[in-house]
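# Coordinates in review
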Amino acid sequence: MQDYDIRNECNEKWRQRTLTFESGDVFVGKDQELDRLLSLVVDDEAHRIISLWGMGGVGKTTIATKLYNHHRTKNFFESFAWVYVSQECQMRSILEDVLKQLKKSPHQNISGLSDTQLLGQLCEIQWAKKCMVVIDDIRKIEHWDGLNHALNFEGTKTKILLTTRKHNIANIGFAIKIGLLSDNEGGREFLERKASPYINSQGFRFEENGRKTMAEGVASMALKTIHDLLLEEAKFLIGVRSEVKTLDVILKEMKALLIAADNRERSEDMVRHWLRHVRELAYRADDTISLYAAIYVSSNRSLRHKFSCILTEGYSLHKIGSEIKEIKSEMASLNSRMVSYGMHRIIQGESSTQPLEPIVSIETEVFVGKKEEVEQLVSHLVGDESNPVISLWGMGGIGKTTIAKRVYNHPTTRRFFESFAWVSVSQKWDIESLFLNVLRKLSPLHNTSGLSVPELAEELVRVQEAKKCMIVIDDIWSTQAWRQLRRAFSPKTKILLTTRIHDVANIGFAIKARLLTDDEGWELLNIKRNAPIPTNVPAEENNMLEKIGREMVAKCGNLPLAISLLGGILRNKKSSAEWKSVNENLSAENLNDEIQEVLHLSYQDLPYFLKPCFLYMGMYKEDEVIPATDICVLWIAQGMISQPQENRGNEMPLMDIAQRYLTELASRSVVEITRDDPIRGQTTRMCKLHDAVREMCLSLAIDEDFGLRNLDYEGGPFSGFFHDSLSHRTTRHLIVYLKSKLEEESREPAVTYDQDTTKIVRSLLFINDMEGLPLTQFPNRIVRLKEFKVLKTLSICGFVFEGRKLLKEISKLVLLRILRLRDCLFDELPSSLKNLVYLHTLDLWNSGNVKIPNGVLDKLLRLRHLILPVYYAENLEDYRMSLEGLEQLETLVGYNSLVHQLESPTQMTNLRHFEGIVHDNQSLSDIINAFCTSWNHCKCGGLRIKQGCHISSEEDLMIFKKVFKLHNLYISVPIENLFKELESEAYTSNLLSLILSESNIKEDPMETLGKLPHLVDLWMTEACFLGEEITCHASSFPSLKRLGIEELPNLREWKVEEGAMSLVSEISIHGCPLLEMVPDGLRFLNALKGLQISGMPQLGERVSEGGEDFHKVQHVPSIVIRYASYLFKAISTIIPFSYDFEIM
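Residues numbered from 1 in each chain as written. Predicted model: local features only at pLDDT ≥ 70, side-chain atom pairs only at ≥ 80, totals over all residues. Heavy atoms only, no water.

From N to C terminus, the protein chain includes 40 helices and 36 strands. Scored against the burial criterion, the 1144 residues of the protein chain give a buried share of 57%. Contacts in the protein chain between residues far apart in sequence, at least 24 positions, make up 72% of those at least 6 positions apart. Carbon together with sulfur atoms contributes 47% to the accessible area of the protein chain, which is approximately 46500 Å² in total. (Helix = DSSP H or I, 4+ residues; strand = E, 2+ residues; numbered from the N terminus. Buried < 20%, exposed > 50% of the residue type's maximum accessible area, 1.4 Å probe, protein only. Contact = heavy atoms within 4.5 Å. Areas by Shrake-Rupley, 256 points an atom, 1.4 Å probe, with all protein chains shown as cover.)

Printed below as a string of structure tokens:
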């Protein structure tokens, strides 16, 4: 019978802590102890109980494991058991586990045995067989008392091996003390050999004991870089290459020590200082080796010549070698000090690493309790004429914004008011932007160009005087902000404020948001931990879980945010012992302190690889909605994403791994999901950080020396501002939001840079955040990019470059991973851009008519994501650009058949996202055939079919029938009766979004369109249908959520049968002058939340309260009627054809 193996069948607690022991595992300097133990263990007459004792981390478990798996031990004993005894353990569970292992029946259910029966069976098997039992890490004498009577039966031949840190426990048996390694015993050999398996793996996922720290994450990034670079097909110069290899070994040593770091001891100054220094050295090593490999990246390219410009900028191989030697020296010194101070004793603890789970759907909004506040607020808003301002106030995280959203979308308020606006003020606000936002929401047709702030205020009052308005002012922090805002509000308007500050709340009728009740808090905790209390465990365990859970809810002060974060912490913790451990870290003293403690505990509980990802999200503005793919590519650029070890040989795209990281953060309630896309497999498509979480993120970035600075430029000399922003010696990631135009400086700005500062900056983002995005000249004389030699991410958004020429010095940033130039004005990319050998993302979104020289992109061997500029046909002349040689792309957005030559699209087998415009049938055929045959991984495929494409033959018809295999489709050419030919294909369509424009359809297309199983958005506009009647049949449109019917001049009747469009939530009707009434079937649409009618006064009156059709729509919470001829701009916000710029 096969021997019982500790690696496979050990108790749950051990599985969470165990090393992965493989043949040939590292074992240095303990041979004498092993030989001595073997002689004792395989001798029937020797001591029955043997104890290994010594300080934590000295190697007791490693010796015990070697002994346990030794061939002499396996031959001597017949049955084996290994149990880990934690400080807080359940003795019954331990004994059950021992019995299962000794009986070699790990899945047997023995929970029904009485204690007497359990002891009887343990005694019986030990009488029948020669048994060996390892009791690992026992720390309390009372635990031995519980085990002794079950395992130490006189007359049996059972051998018991204990490991412990306590001398008094060791004295239970024959005690052997395990000491430290001496230099002669191979301390250095241990470190070198210990880390070697990890450098050979793709993911560098740690498997050993140890809380995973920020420093460890940085070391992992550095090691992955070195691993990748050493695999390059490069002809390294011999002298420097040897230095690179030596640095590789030393970094492994540091990592072998870092994997034991425990956040519980991070408060110790010595440990914090040591980790900070290690992190700095890891960054330096990463940058230095990356630069070296960039110069010699391929044996097939003469890069010594191509990089001569780099070498003249001070990147000599001699300097690189000197830098490596300096790093080696400092690392060796740190290593020596760490061992001499016994720091490895300090940094032991439990692992927080959890394997990433498959993506599952996460509830994007949870609403528990608070219904009384909602009804109270609604009542005051629609019925309290004496108080135009209603204030909801309470501490951060209590749920004010969530309540306000419920009130804003409540059926009663939607019927009572005619126009609505929502603005967030926050701590930083701009009065002009706020006024513009409110005016555009209350009156979208209003011409706001050129209006001053006083004029905007006057226009706002005028609009409010004409109709009933409700305005939500979310998160206002000061009475000063209110004094500036109130001049723009009419006394007739109802305003709902949310604020943390009581004095601000007293502006209006103040209502305090209450905390959750105990039961509501317990309910929310269970929702957020996304796992019901298990039913297959004893009732006592369930009761204990609820008891501890309710205690933790109380310690969270029944605050929703704190409870949500706590639910994230408990998500992967199933036992009452684990819950008790979390509970012990909470104290119910001061509620504000407790919130901070829960926030920090949420961070500390993150797996090590998620910590830098979370800290990097501090780059976004307060309340900013974050596109998932945007943050994912930024994480990849910074080396924060790597392959899990379990994926070795079956690697996933890094974007998929990054998406799982983001989903994991969301599942822990650290990140809020604002929009998901489960159909495309994206659990998180858009997300944001709660204000309190963002504040913690920025605070932790300082504490962890992460080096992120998020700054607003609001006027003054930019040279001084930029110099000050780099004055912090640890600035690695600098984000500058322009809130004001750059001031002209009277003379040439003289900005001096500290090289120690610029040489560590890895991210630079300059974002024009001014209202209306007025183009501003990029301050290239102040921001001298060539000084930032280790830059990984460069993002410039909303700028014009001097002379419309892009800065050539960008091409010297050879370590650049992301180059993002959105909404910028320049003519051409320089051909020298091909020097950016690490570039994986080139993003030119909405930068018009930028020419890209041929022979540049195909030289960027790591390029994975390409977002092309927009091109205007009248300015194209004869410009043509080849997209050949880009077979490795995963994203191609902005393809335009008038400009781009894509001769072999079927070779782009890695493509996962494609968006483009086609103007001819040949290009359409090429794209569709590639999508259907080669783009097997494409999750988002979209096309806009424009004039030039046509159906004039059977062959053309076959091409057009295939376009419904895409996900997003915008057809603006005549297709007439194409839908009659689609009956059989409709059921297998992938289509999610469809816009039909100028399509000249003569027969009702709804029967065919209604069979599209995944269609979510449908927009019929601009005479796409020339008939007079359409019918949505029962059971049709099973997935449709948004429907727009606009500019159909002949449409007289629209029928909706019961059972059609059961999920539709938004309907817009515009510019259909002959349509006399809304369908009677709208009354069956229970999911309908919004109906918008514009440019049709008679139809608007019919659906108004008291109108002939009101009974059909009275259940709809929001009915908006606009009598002006106004075309809703929903196409750009609902249908993802302008790259749905929630991507990248």
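Strands sit in the order S2-S3-S4-S1-S5 across an open sheet of five strands; the sheet is parallel. The open sheet has two edge strands with one neighbour each: strand S2 (79–84) and strand S5 (174–177). Across this sheet, the average inter-strand angle for adjacent strands is 15°, counted without regard to direction. Sheet analysis places strand S1 (residues 49–53) next to strand S4 (residues 159–164), joined by five bridges and oriented parallel. Looking at S4, one finds that Ile49 is bridged to Ile160. Contacts between helix H3 (residues 60–68) and the sheet are confined to S1, S2, strand S3 (131–136) and S4, with S2 contributing the most and set at about 165° to the helix. Contacts between helix H5 (residues 91–103) and the sheet are confined to S2 and S3, with S2 contributing the most and set at about 155° to the helix. (Pairing = 2+ DSSP bridges. Axes fitted to C-alpha atoms, helices over the stretch in contact; angles between N-to-C directions.)

Time to look at the packing of aromatic side chains. Applying the stated criterion to the full structure yields 27 aromatic pairs. The interplanar angle of 80° and the centroid separation of 5.2 Å between the aromatic rings of Tyr68 and Trp82 together place this pair among those described as edge-to-face. Of the two residues, Tyr68 sits in helix H3 while Trp82 sits in strand S2, which places them 14 residues apart along the sequence. For the pair formed by Tyr68 and Trp82, the shared burial category is buried. When the centroid spacing of 6.1 Å and the interplanar angle of 45° are considered together, the rings of Tyr603 and Phe614 count as tilted. With Tyr603 in helix H28 (residues 591–604) and Phe614 in helix H29 (residues 611–616), this pair connects stretches of sequence that are 11 residues apart. Classification of Tyr603 by relative accessible area gives buried; the value is 1%. Under the relative-accessibility criterion, Phe614 is labelled buried at 0%. What links up through ring pairs into an aromatic cluster is the set Tyr713, Phe718, Phe721, Phe722, Phe766, Phe778, Phe788, Phe799, Phe801 and Phe826. For Arg414, the ring lying beneath its charged end belongs to Tyr408, and the centroid distance is 4.6 Å. (Phe/Tyr/Trp six-rings, centres within 6.5 Å; stacked < 30°, edge-to-face > 60°. Lys NZ or Arg CZ within 6 Å of the ring centre and 35° of its normal.)

Within the largest apolar cluster, 126 residues are counted, with the highest numbers of intra-cluster contacts made by Phe718, Trp1054 and Met1061. With five residues, helix H35 (residues 921–933) is the single largest residue contributor to this core. Beyond its immediate stretch of four places on either side in the chain, Trp1054 contacts Ile1030, Cys1032, Leu1043, Ile1045, Met1061, Ile1067, Ile1069, Leu1075 and Pro1079. Leu565, Tyr620, Leu634 and Leu665 belong to the second-largest nonpolar core, a separate cluster that totals 50 residues. (Core = buried A, V, L, I, M, F, W, Y, C linked by side-chain atoms within 4.5 Å.)

It is worth spelling out unusual backbone geometry at this point. Phi angles above zero are rare outside glycine, and Arg804 is one such case at about 55°. Relative to the assigned elements, Arg804 resides in the loop between strand S19 (799–800) and strand S20 (818–822). Of note, Phe1037 is a non-glycine position whose phi angle comes to about 50°, a positive value. We classify Phe1037 as buried; its relative accessible area is 1%.

In the structure shown here, the tally under the stated rule is 29 salt bridges. A salt bridge links Asp843 to Arg820, with the shortest nitrogen-to-oxygen separation between them at 3.4 Å. On the criterion of sequence distance, the pair formed by Asp843 in strand S21 (residues 841–843) and Arg820 in strand S20 is long-range, its members being 23 residues apart. As far as the burial class goes, Asp843 and Arg820 line up, both buried. Between Glu1029 and Lys1055 there is a salt bridge whose closest N-O contact spans 3.5 Å. One end of the pair, Glu1029, is in strand S31 (residues 1029–1032); the other, Lys1055, is in strand S33 (residues 1053–1056), with 26 residues separating them in the sequence. Given the relative accessible area of 35%, Glu1029 is considered partly exposed. Linked through salt bridges whose partners overlap, the residues forming this network are Asp630, Arg820, Arg822 and Asp843. (Salt bridge = Lys/Arg side-chain N within 4 Å of Asp/Glu carboxyl O.)

Our next topic: the sheet that holds strand S7 (residues 419–426). The strands making up a sheet are joined through hydrogen bonds of the backbone, oriented either antiparallel or parallel. The sheet built from five strands is open, its strands ordered S7-S8-S9-S6-S10 with parallel pairing. What marks the edges here is a single partner per strand, and that holds for S7 and strand S10 (509–512). Averaged over all pairs of adjacent strands, the angle between strand axes in this sheet comes to 15°, irrespective of strand direction. Strands in contact with helix H17 (residues 371–383) are strand S6 (389–393), strand S8 (469–476), strand S9 (494–499) and S10; relative to S9, the strand with the most contacts, it is inclined by about 145°. Sheet contacts for helix H20 (residues 431–442): S7 and S8; angle to S7, the most-contacted strand, approximately 160°.

Turning our attention to helix H26 (residues 560–570). The buried count for H26 comes to 11 of 11 residues, which makes it a mostly enclosed element. Along H26, the residues that are buried comprise Pro560, Leu561, Ala562, Ile563, Ser564, Leu565, Leu566, Gly567, Gly568, Ile569 and Leu570.

Turning to the environment of Leu886, a few remarks are in order. Residue placement: Leu886 occurs in the loop between strand S23 (881–882) and strand S24 (891–896). Measuring from C-alpha to C-alpha, the distance between Leu886 and Asp858 comes to 5.8 Å, with 28 residues separating the pair along the chain. Not counting the four nearest positions on each side in its chain, Leu886 is found in contact with Leu857, Asp858, Leu866 and Met908.

Taken across its five residues, S6 has five buried, putting it largely inside the fold. Residues Val389, Ser391 and Trp393 line one face of S6 and the alternating positions Ile390 and Leu392 line the opposite face, and both faces are buried. Of the pairings in the sheet, the one linking S6 to S9 comprises five bridges and is parallel in character. Bridge assignment links Leu392 to a residue of S9, and that residue is Thr498. Direction of pairing for S6 relative to S10: parallel, over a ladder of four bridges. Each bridged residue has a counterpart across the sheet, and for Ser391 the counterpart in S10 is Ala510.

Running from N to C, H5 and helix H6 (residues 115–128) point in directions that differ by 35°, and their axes come no closer than 10 Å. Along this stretch, H5 crosses H6, giving a crossing that reads as left-handed. Between H5, through Arg92, Leu95, Glu96, Val98, Leu99, Leu102 and Lys103, and H6, the contact on the second element is made entirely by Asp115, Leu118, Gln121, Leu122 and Ile125. When grouped by side-chain class, the residues that make up the contact of H5 with H6 number seven nonpolar, one polar and four charged. (Left-handed = near helix turned anticlockwise from the far one by under 90°. Nonpolar A, V, L, I, M, F, W, Y, C, P; charged D, E, K, R; others polar.)

This brings us to the packing of H17 against helix H18 (residues 400–408). With their axes 9 Å apart at the nearest point, H17 and H18 run at an angle of 50° to one another. Compared by their axis directions, H17 and H18 come out oblique. Seen from above, H17 lies across H18 with right-handed handedness. Across from Glu373, Val374, Leu377, Val378 and Leu381 in H17, the residues of H18 making contact are Ile403, Arg406 and Val407. In terms of residue class, the contact of H17 with H18 is made up of six nonpolar, no polar and two charged. (Parallel < 35°, antiparallel > 145°, perpendicular 65-115°, else oblique.)

Attention now goes to H6. Along its 14 residues, H6 runs 20 Å from first to last C-alpha, staying within 8% of the 20 Å computed at 1.5 Å per residue. Those residues of H6 that fall on the buried side of the exposure criterion are Leu118, Leu122, Ile125 and Gln126. Along the axis of H6, the buried positions cluster into a sector of 100°, meaning they face one direction only. Exposed side chains of H6 directed beyond 90 degrees from the buried face belong to Thr116, Glu124, Trp127 and Ala128. In this structure, the buried residues of H6 make contact with H5, S3 and helix H7 (141–151). (Expected span 1.5 Å × (residues − 1). Arc of directions from axis to C-beta.)

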